[in-house]
Amino acid sequence: MLDTIENIQAEIVEEFAFFEDWMQRYEHMISLGKSLPIIDVAYKNEDHLIKGCQSKVWVHAALENNQLVFTADSEAIITKGIIAILIRAFSHQKPMDILNASTGFIDEIGLKEHLSATRANGLVSMIKQIKLYAVAYQTQVKDTD
Amino acid sequence: MTEIEVTAIRKDFPILSRKVNGQDLVYLDNAATSQTPLQVIEAIVHYYSHYNANIHRGVHSLSQEATEAYEAARIKIQKHFNAAHAYEVILTSGTTHAINIVASGFETLLQAGDELLVSALEHHSNIVPWQMLCEKTGAVLKVIPMLQNGTLDMAAYQRLLGAKTKLVFCNHVSNALGTVNPIEEIISAAHAMGAAVLIDGAQAAPHIQADVQALDVDFYTVSAHKICGPTGVGMLYGKEKWLEKLPPYQGGGEMIATVSFEKTTYAGLPHKFEAGTPNISGGIAFGAALDYMHSIGFIAIATYEQQLLEYATKTLLEIEGLVIYGTAAQKTAVISFNIKGLHPYDIGSILDQMGVAVRTGHHCAQPIMDYYQIPGTVRASFSFYNTFKEVDLLVAAVKKAKSMLC
């Protein structure tokens, strides 16, 4: 049984609260970036490219056992770290839960303060794409209850 | 310039003493925009506090004072670039606007099959208006290729020039690489074939005082904000014979002689190209910015910036894996670089956290990035108010970024 989105987000917020300065936050994001579940090279194409990011970001979603599983990649390691945080919060969750989830944890971890405006816009685009995938796959969820 | 002189100059720029992300600002994005000295800020404040009025219209004193100040600025600009006449200096919103005036005007002078030559080192603003012109006229855009060291292939240029060539456009200095192009040679070769030449001087203006008559250039464009002036104002210099040939760019007030619903006759130069109320305070401040630059001296500025460039190049190259793009013998103080295996955005983000402002990305010159097959670079661009200590801070920040990211 996987944790709820809410619990995972709380865990991420707690983790980031532990860091005292930007350098530790960045180092953490870089190490998260290195653990990102990497997108299959076959999906690393124009269709999976997120518009509005300054460095290229690709995100793919697949439905497995009624849960959305995300994989991604980026040219830039800090961007990979950002997408890794989002994937940790939203991957292996039901589309409806993803749609209903709040994204306030992003503000709580102070990520935006450390991103340039263009990067912060990219972050918004990534969240939008994740939610769009959830909308698209919601119709394919099999009613097992 | 000595260290003491630079310290004194820095006091003219209040922004240089602010902090960014808790660190002292190290501003190395001067090729994007230069900082503004108090003397220029005061010119703007003085205008709005004492004689804000529309120009060339009112008989009242304020309007006359504003008109005189604006036209005095035009003469300062004329003298700085050694234009033959003040009316050959068109005040625009910047380089992009200036290029668009010429590109739009040439629509009436081109025929299908005419050829335009563009250098491979151009900013998008000196590519896109010409592509639009080609779409409208059926003219053909040909590219003067670049070489590995970031200079133009001049032999290829000579081969591309022909009887069909009508226009050649090229920057004086590349914004992405800092290469100083051999514009004298480009201009004379084009003229020998009867083609006109537009030189985009946006990146050259802060470092090199161009003499448009000595260059014999047909059009030369500049943005004030690269040369310690405000944003939203710039210059189109054009030879009288060319400006007379081009039709007006925009219709409106100021650019007319007489208007009736049957027929409007256009005003003479420079007003033909200056429709509407211009950026009056900006024009006046552009003049003040040139005064400021001359108070330091262009030769002193160029000499000092070359020392900064040499020192920064040497110390950055000591970092293993660092590659500099653009290694021309003639360069302004711009260093475009990457570290093998790292993305420029990552380096730029970490530099920003350390208070070091650089540009990252394709610098609005995607063809150059395509040539090197890279997504972009980190670009540090220096001004006369930067210090050797700031170069050290840049190098230390790049080393830190490398250790965090690798």
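Quick caveat: nothing in here was measured; it's all calculated off a predicted structure.

A.B. asks: An account of the interface of chain B and chain A is needed here, citing residue identities and associated values.
C.D. replies: With twelve residues of chain B in contact, the opposing surface of chain A contributes twelve residues. Going through the elements one at a time, α12 (344-353) and α14 (388-405) of chain B are the ones with two or more residues in the side of chain B that touches chain A. The dominant element in the side of chain B that touches chain A, judged by the number of residues it contributes, is α12 of chain B, at six residues. Here the residues of the side of chain B that touches chain A are counted per class, giving five nonpolar, five polar and two charged.

A.B. asks: Tell me about the sheet that holds strand β9 (residues 219-223) of chain B, and name the residues and values.
C.D. replies: Residue and element names in this part refer to chain B. Spatially, β4-β10-β9-β8-β7-β5-β6 is the arrangement adopted by the seven strands of the open sheet, whose pairing is mixed. Of all strands in the sheet, those bounded by a partner on one side alone are β4 (89-92) and β6 (140-144). Mean inter-strand twist for the sheet, computed between neighbouring axes without regard to direction, equals 20°. Across five bridges, strand β5 (residues 115-119) lies against β6 in parallel orientation. Within the sheet, the bridge partner assigned to L117 lies in β6 and is K142.

A.B. asks: So, the packing of helix α3 (residues 61-81) of chain B against helix α10 (residues 280-296) of chain B: which residues are in play, and what are the values?
C.D. replies: Residues and elements named next belong to chain B. The geometry of α3 relative to α10 is characterised by a closest axis approach of 8 Å and an angle of 40° between their N-to-C directions. When the interaxial angle is binned, α3 and α10 end up oblique. The interaxial crossing formed by α3 with α10 has left-handed handedness. Counted together, A66, A69, Y70, A72, A73, K76, I77 and H80 of α3 and I280, G283, I284, F286, G287, L290 and D291 of α10 form the full contact between these two elements. Grouping the amino acids of the contact of α3 with α10 by side-chain chemistry returns ten nonpolar, three polar and two charged.

A.B. asks: Could you give me a rundown of the sheet that holds strand β16 (residues 359-361) of chain B, with the residues and numbers involved?
C.D. replies: All names here are of chain B. If you trace the four strands from one edge of the open sheet to the other, you get β13-β14-β17-β16, paired in antiparallel fashion. For this open sheet the edge positions go to β13 (322-325) and β16, each flanked by a neighbour on one side alone. Sheet twist, expressed as the mean angle between neighbouring strand axes with direction ignored, is 30°.

A.B. asks: Give me the lowdown on the domain arrangement of chain B, citing residues and values where you can.
C.D. replies: Residues and elements named next belong to chain B. Each assigned domain of chain B is listed here: domain 1 (3-30 + 298-405) and domain 2 (41-294). The C-alpha-based centres of domain 1 and domain 2 are spaced at 28 Å. Listed as interface residues are 22 residues of domain 1 and, on the opposing side, 23 residues of domain 2. Where the side of domain 1 that touches domain 2 is concerned, the elements lending two or more residues are α11 (298-317), β14 (334-339) and α13 (366-372). Element by element, the count of residues in the side of domain 1 that touches domain 2 is highest for α11, at four residues. Grouping the constituent residues of the side of domain 1 that touches domain 2 by class yields twelve nonpolar, seven polar and three charged.

A.B. asks: Any chance you could break down unusual backbone geometry for me, citing the residues and the numbers?
C.D. replies: The linkage connecting L269 of chain B with the following residue, P270 of chain B, adopts the cis geometry, with an omega of 0°. Checked against the element boundaries, P270 of chain B lands in the loop between β12 (264-266) and α10. Located in the positive-phi region is H92 of chain A, a residue other than glycine, with phi close to 60°. Tracing the backbone through its elements, the reader meets H92 of chain A in the loop between α3 (77-90) and α4 (95-100). Overall, H92 of chain A belongs to the partly exposed group, with 16 C-beta atoms counted inside 10 Å. The phi dihedral of N21 of chain B falls on the positive side, at around 50°, and the residue is not glycine. Assignment of secondary structure puts N21 of chain B in the loop between β1 (19-20) and β2 (23-24).

Quick notes on the rules
- Residues numbered from 1 in each chain as written.
- Chains lettered and ligands numbered in written order.
- Predicted model: local features only at pLDDT ≥ 70, side-chain atom pairs only at ≥ 80, totals over all residues.
- Contact = placed C-beta atoms within 7 Å.
- Helix = DSSP H or I, 4+ residues; strand = E, 2+ residues; numbered from the N terminus.
- Nonpolar A, V, L, I, M, F, W, Y, C, P; charged D, E, K, R; others polar.
- Pairing = 2+ DSSP bridges.
- Axes fitted to C-alpha atoms, helices over the stretch in contact; angles between N-to-C directions.
- Parallel < 35°, antiparallel > 145°, perpendicular 65-115°, else oblique.
- Left-handed = near helix turned anticlockwise from the far one by under 90°.
- Domains from an automatic or database assignment.
- Buried ≥ 20, exposed ≤ 12 C-beta atoms within 10 Å, placed from the backbone.

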